[in-house]
Amino acid sequence: MTPTDKSSAEQASAPSTSGDEPSGASHAAMANAIRALAMDAVQAANSGHPGMPMGAADMATVLFTRFLKIDPRHPDWADRDRFVLSAGHGSMLLYALNYLLGYEDMTIEELKNFRQLGARTAGHPEYGHASGIETTTGPLGQGISTAVGMAMAERLLSARYGSEIVDHRTYVIASDGDLMEGISHEAISLAGHLKLSKLIVLYDDNEISIDGPLNLSESGDALKRFEAAGWDAVRINGHDPEAIADALEAARRSNKPSLIACRTVIGYGSPNKHGKASSHGSPLGVEEIALTRAELGWSAEPFVIPNETLDAWRLVGLRHAKTRTAWEKRYNELSVEKRALFDRCQAGTLPAELEKAILAFKKKLSSEKPAWATRKSSEETLNVINAVLPETIGGSADLTGSNNTRSKDQKAVTPEDFSGSFIHYGIREHGMAAAMNGMALHKGLIPYSGTFMVFTDYCRPAIRLSALMKQRVIYVMTHDSIGLGEDGPTHQPVEHLAAMRAMPNLYVFRPADAVETAECWQLALEAKETPSILALSRQNLPTVRTEHTDENLCERGAYELSPASRKAEVTLLATGSEVEIALEAQKILEKDGIGTRVVSVPCADLFDEQSAEYRAGMLGKGTVKVAIEAALRFGWDRYIGPEGGFVGMTGFGASAPAKDLYKHFNITPEAAVQAAKDCLAAK
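The rules behind each value
- Each chain carries its own residue numbering, running from 1 in the written order of its sequence.
- It should be noted that, the model being predicted, local features are given only for residues of pLDDT at least 70 and side-chain atom pairs only at 80 or more, the latter also being counted only at that level, while totals for whole chains, interfaces and linings use all residues.
- The side-chain quantities take in all heavy atoms of the structure and omit both hydrogens and water.
- For two strands to pair, DSSP has to find at least two bridges joining them.
- The way it works is that DSSP assigns letters per residue, a run of H or I at least four long becomes a helix, a run of E at least two long becomes a strand, and they are numbered from the N terminus.
- Here an axis means a line fitted to C-alpha atoms, over the contact stretch when the element is a helix, while the angle between two N-to-C directions is reported on a 0 to 180 degree scale.
- We call two residues contacting when some pair of their heavy atoms lies within 4.5 Å.
- Buried Ala, Val, Leu, Ile, Met, Phe, Trp, Tyr and Cys residues form a nonpolar core when they are joined through side-chain atoms within 4.5 Å.
- Whether a residue is buried, partly exposed or exposed follows from its accessible area with a 1.4 Å probe, protein chains only, as a fraction of its type maximum: under 20%, in between, or over 50%, in that order.
- Grouping into patches uses exposed residues only, defined as over 30% relative accessible area, and leaves out salt-bridged ones; the cut-off is 9 Å for like charges and 5 Å for nonpolar side chains (Val, Leu, Ile, Met, Phe, Trp, Tyr).
- Note on areas: Shrake-Rupley with a 1.4 Å probe; residue coverage comes only from the protein chains shown.
- A side-chain nitrogen of Lys or Arg and a carboxyl oxygen of Asp or Glu constitute a salt bridge if their distance falls within 4 Å.
- We score Asp and Glu as negative and Lys and Arg as positive, and we do not count His or the chain ends.
- Every charge is mapped to an atom, namely NZ of Lys, CZ of Arg, CG of Asp or CD of Glu.
- For Phe, Tyr and Trp, where Trp contributes only its six-membered ring, two rings pair if their centres lie within 6.5 Å, and the inter-plane angle classes them as stacked under 30 degrees, edge-to-face over 60, or tilted in between.
- Whether a charge lies above a ring is judged from NZ of Lys or CZ of Arg, which has to be within 6 Å of the ring centre and within 35 degrees of the ring normal.

A. Spatial organisation of the sheet that holds strand β14 (residues 559-562). Ordered by their spatial adjacency, five strands build an open sheet running β14-β16-β15-β17-β18, and the pairing between neighbours is mixed. Two strands lie at the open edges of the sheet, namely β14 and β18 (645-648), each paired on one side alone. Looking at each pair of strands side by side, their axes are set apart by 30 degrees on average, direction ignored. Looking at chain direction, β14 and strand β16 (residues 596-600) are connected through three bridges and run antiparallel. Bridging from a neighbouring strand, Ser-562 pairs with Val-598 of β16. In the packing of helix α24 (residues 612-619) onto the sheet, the strands contacted are β14, β15 (570-574), β16 and β17 (624-629), and the crossing angle to β16 comes to about 130 degrees.

Right, dumping it as structure tokens:
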């Protein structure tokens with residue numbers, strides 16, 4: 001912070017809640033600072049998207065200088081407004097703003113290193129790289145959809161702690177591409193239904209796409225679409241600061257979410273590239289930048305911001321310091337218990353009561369030996385978890401009775417009442433997944449929700465962002481194999497386990513019984529920086545863990561469930577519903593004098609994290625190996641080798657009762673026995 005900043009901060013009064021224009025440098029100078037930095041950084045990198053930041057600079061300047069409630073010196077302040085640059089290709093807009101506002105980790109050197117290895121200024125904004133980046137964006141549609149989850153989190157937490165503690169807005173700058181992507185339709189519809197009035201989207205309505213004019217591919221009316229979904233929508237001149245401010249003021253007063261379509265000129269200020277697709281994804285060029293500087297009246301050298309303009313921006317960064325300290329006073333007036341709960345949930349830590357509750361539940365299950373489908377086991381586990389974790393927020397994509405994700409005491413969230421903890425997402429799997437990312441990023445909540453395993457295809461881009469951003473989001477994916485039966489191959493996942501296991505930083509759990517399900521839920525909750533999928537059965541399964549142990553055996557990904565009664569010659573590896581088949585095959589092989597051990601593999605991802613010694617021991621040195629899973633073989637050869645046996649699927653499923661399907665596709669104890677004997681014969 002400069003001496004000018006300090007003296008100005010001492011003189012500053014409490015910020016106005018209105019959209020009054022800040023004193024100091026002119027709006028044009030402050031907006032042009034963004035444009036200049038964007039041009040310079042993209043040119044230095046010889047890569048990037050200058051047109052969007054140049055076109056959106058006016059709306060961003062009005063939003064940040066007059067409305068956005070943030071404190072760059074305390075970037076993680078819980079009650080700050082959230083800003084999402086959904087048009088992530090225009091990342092220099094955000095980086096320029098964060099430098100100008102005085103975020104400590106966004107220096108001018110970072111801007112000079114735009115898009116370079118190790119820089120905080122990645123090609124698209126990446127969560128965790130720098131303060132002030134609320135979410136990773138770049139895949140279009142994800143940002144606006146994630147923002148819906150942030151706005152949901154604000155309403156949920158306000159209902160729990162009161163508006164004195166949680167009262168902020170979520171702002172988005174979105175592009176034409178964001179609104180074209182299918183996920184945005186889901187998210188916009190959900191936001192309108194829930195009446196998320198603190199969600200305000202500024203649409204960079206520049207009528208340009210990469211291929212050229214927007215009308216090459218789009219002729220719809222965006223405003224009518226939003227209005228039909230229950231939003232307020234208006235179109236304004238995106239280069240008129242007063243029109244932008246008036247629209248934001250109106251949006252803040254609305255009882256609906258708001259879209260402000262800001263008609264802008266991409267590459268604003270560039271004499272030869274403004275309004276053209278050529279300014280979208282390439283540097284302007286040294287000569288064009290010089291012409292643009294002259295057009296804008298900007299005489300400063302590259303990466304240099306005149307003192308008056310920089311001071312004005314830094315004062316904006318100090319604007320809400322007193323707002324934050326007033327909030328801290330209210331926070332400190334909370335009861336000790338409520339403050340401790342708020343702090344724990346914001347930190348994402350779990351109470352000691354959870355482990356105690358899980359242990360007691362496991363003991364009960366091993367004693368009573370229920371024959372539940374693992375989706376039912378999950379429901380019963382959630383009854384235990386949700387009783388001790390008030391921060392869990394459940395849901396389902398219109399499959400509540402099938403996913404079993406609603407515990408017995410959960411109340412549904414409604415547009416009028418956010419005190420509940422269960423969300424009916426409707427048939428919006430992709431939007432649901434992105435909204436859960438938003439809730440996790442917001443902090444204070446642990447989101448989980450369900451659909452069928454086959455529909456991970458619909459969720460995959462958002463799941464990938466969960467993994468990339470290291471967010472604890474729990475996906476309950478039921479109907480995990482041909483075991484779902486009569487709904488047939490359209491609903492029967494065969495390649496999905498392999499596809500999800502291929503994703504970095506994602507735990508795919510496939511428990512074999514109620515005990516393993518409880519353990520996998522515990523591990524998913526404890527994984528603060530890793531999202532999880534719980535792949536759960538529709539069909540009933542016996543309890544295979546009949547002897548209680550306090551140890552979470554699933555924690556290492558694979559463990560010996562049933563040892564051989566003699567020197568082991570065969571190791572059977574199985575997951576989920578096929579562990580039962582492995583145990584039956586073991587009995588037959590042992591009866592035939594072949595020492596056989598059964599290894600349950602509830603999470604291959606966790607198993608891969610173990611030491612080489614543990615993995616080798618668990619796979620059984622000197623034994624032949626057979627894997628059993630009602631899915632494709634892909635991925636199993638790293639354990640069983642190309643010479644190992646596999647009992648599972650080789651193609652798509654079929655429509656029939658589950659028992660008939662297992663016989664038809666030869667996923668049986670007898671098939672496992674034959675595979676083991678064939679491997680022994682070939683040894």
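B. Structural view of the nonpolar core. Residues Met-152, Leu-196, Leu-199, Tyr-425 and Met-439 are the most contacted members of the largest nonpolar core, which totals 74 residues. With 10 residues, the top contributor of residues to this core is helix α6 (residues 142-161). What Met-152 contacts, discounting residues up to four positions off in sequence, is Leu-190, Leu-194, Leu-196, Phe-418, Ile-423, Tyr-425, Ala-435 and Met-439. The next biggest cluster of nonpolar side chains, apart from the first, holds 69 residues, and it includes Ile-358, Cys-554, Ala-627 and Ala-675.

C. Structural detail: the sheet that holds strand β11 (residues 474-478). With parallel pairing, six strands are arranged side by side in an open sheet as β9-β8-β10-β11-β13-β12. Two strands bound the open sheet, and with one partner strand each, they are β9 (422-424) and β12 (507-509). Adjacent strand axes in the sheet meet at a mean angle of 20 degrees, parallel and antiparallel pairs treated alike. Both strand β8 (residues 392-396) and β9 contribute to a ladder of three bridges, which runs parallel.

D. The arrangement of a negative patch on the surface in detail. Together, Glu-355, Glu-526, Asp-550, Glu-551 and Glu-555 make up a negatively charged patch on the protein surface. Tracing the sequence through the fold places Glu-551 in the loop between β13 (532-536) and β14. Look at Glu-551 and you get partly exposed, because its relative accessible area is 48%.

E. Local environment of the pattern of salt bridges. Within the structure shown, the criterion is met by 33 salt bridges. Here Asp-71 ties to Arg-324 by a salt bridge, and the two come within 2.6 Å at their closest N and O atoms. Taken together, the residues span a long stretch of sequence, with Asp-71 in the loop between α3 (51-67) and β1 (82-85) and Arg-324 in helix α13 (residues 321-332) at a distance of 253 residues. What makes Asp-71 buried here is its relative accessible area of 2%. Put simply, Arg-633 and Asp-637 hold a salt bridge, and the shortest N to O gap is 2.6 Å. Accessibility expressed as a relative area gives 35% for Asp-637, which makes it partly exposed. It is possible to trace a salt-bridge network through shared partners that takes in Asp-71, Arg-73, Arg-324 and Glu-328.

F. Representation of the packing of aromatic side chains within the structure. Tallying each qualifying case throughout the model produces 15 aromatic pairs. Centre to centre, the rings of Tyr-507 and Phe-509 are 6.0 Å apart; their planes meet at 65 degrees, and the pair counts as edge-to-face. According to the relative accessible area criterion, Tyr-507 is buried, its value standing at 12%. Linked through ring pairs, Trp-77, Tyr-161, Trp-327, Tyr-331 and Phe-342 together constitute an aromatic cluster. Note that Arg-556 overlies the ring of Tyr-614, its terminal NZ or CZ placed 3.8 Å from the centroid.

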